[in-house]
Amino acid sequence: PGSGAILKGASLSVTAAESSTGTTPSNLSSYDLAFQATASDSKLWLQATLNISNSDATTLGYFYNSTAGEMAGAIGDADGPKQRGMWRSLCTNNAFVMSMTYGTWYEPGNTTNNTYQIFGNANAGTTMYINRSGDTTDNDNINYSRTASVFTILEFAASVITLS
C-alpha cells in the first residue's frame, strides 16, 4: 500500500436487533471479527459504534481477543472487586436508543488470525438492547426505530504510530 499508514482493514455491520442480560460483560457474538495483521509489530485501531438501549442502567464493555484470551486495548485499572472496562454509558429511558462510538489501540504482537470480539452488558442484570429500543411498542415513532451497529479494525504500520 505505498507510503500510506493503513496496511489493511476489516469491518462488519450488524443490522439485527439483539439483547443481552447479565451482571458482567459477555460476548456479543454477532460482532466476532477475524483479523490477521500483516506484520507482528503493527498497531491495530479497534472501533465500534453500538446503538444501545436499556431501562435506566449503566452499560459496560470492552474489546476482547479470544484467540489470545485477553482484553484488547485500553482497560480501566484493577481496583479490588470493581469490574474493568473500556467504555461505560447510561441510557435513562427504555424507549430511546443511544448511539455510542468508542475505540482503542491494540498491539497483538503476532500475525496470527485472531478473533476480536465485543463484550458488553447492563448493570444489575437488566437487559441491554442493541439496534432497537427496550420498548417494543409497535408504531412509526422514531423512538422505536431499528438501527445498525458497526465494528471496524484498521492495521497501521508500526513506523507511523507511537503508543505510550
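Reference entry: report on the structure contained in this document. Quantities reported herein were computed from a predicted structural model and do not represent experimental measurements.

Let us now look at the pattern of salt bridges. Where side chains of opposite charge bring their charged atoms close, a pairing between them can arise. As enumerated under the stated definition, the model contains two salt bridges in all. With a shortest N-O distance of 3.3 Å, D79 and K82 are connected by a salt bridge. Classification of D79 by relative accessible area gives partly exposed; the value is 43%.

Once that is clear, we can look at the pairing of strand β6 (residues 57–65). For β6, the buried fraction is high: seven of the nine residues fall into the buried class. Note that β6 and strand β8 (residues 87–91) share five bridges and pair antiparallel. Each bridged residue has a counterpart across the sheet, and for T59 the counterpart in β8 is S89. As defined by bridge partners, β6 adjoins strand β10 (residues 113–122) across seven bridges and the pair is classed as antiparallel. For Y62, the partnering residue across the bridge sits in β10 and is F119. In this sheet, strand β7 (residues 70–72) lies alongside β6 in antiparallel orientation, the contact comprising three bridges. Across the sheet, residue Y64 finds its bridge partner in β7, namely M71. Between the end of β6 and the start of β7, which pair antiparallel, lie four residues, with G69 showing a positive phi angle near 70 degrees.

Attention shifts here to the pairing of strand β5 (residues 43–53). Of all 11 residues that make up β5, eight are buried, and the element is covered over most of its length. Looking at chain direction, β5 and strand β12 (residues 149–156) are connected through seven bridges and run antiparallel. When the sheet's bridge partners are listed, L46 is paired in β12 with I153. Summarising the sheet, β5 and strand β9 (residues 98–106) pair through nine bridges and their orientation is antiparallel. Residue pairing in the sheet places T49 in a bridge with T101 of β9.

Attention shifts here to the packing of aromatic side chains. A full pass over the atoms with the stated rule returns eight aromatic pairs. Ring centres of Y62 and F119 lie 5.3 Å apart, and the angle between their planes is 20 degrees; on these two criteria the pair is classed as stacked. Remark: F119 occurs in strand β10 and Y62 occurs in strand β6; sequence separation between them is 57 residues. Taken as a pair, Y62 and F119 share a single burial class, namely buried.

Before going further, it helps to examine the environment of P81. Looking at the element boundaries, P81 is found in the loop between β7 and β8. Residues P81 and S149, 68 residues apart in the sequence, show an inter-C-alpha distance of 31 Å.

Another aspect to go through is the nonpolar core. Among the nonpolar cores identified, the biggest contains 24 residues, and Y31, L46, I118 and F151 are the most heavily contacted of them. Breaking this core down by element, the ones donating at least two residues are β1 (6–14), β4 (33–36), β5, β9, β10, β11 (127–130) and β12.

Cut-offs applied
Residues numbered from 1 in each chain as written. Predicted model: local features only at pLDDT ≥ 70, side-chain atom pairs only at ≥ 80, totals over all residues. Heavy atoms only, no water. Salt bridge = Lys/Arg side-chain N within 4 Å of Asp/Glu carboxyl O. Buried < 20%, exposed > 50% of the residue type's maximum accessible area, 1.4 Å probe, protein only. Helix = DSSP H or I, 4+ residues; strand = E, 2+ residues; numbered from the N terminus. Pairing = 2+ DSSP bridges. Phe/Tyr/Trp six-rings, centres within 6.5 Å; stacked < 30°, edge-to-face > 60°. Core = buried A, V, L, I, M, F, W, Y, C linked by side-chain atoms within 4.5 Å.

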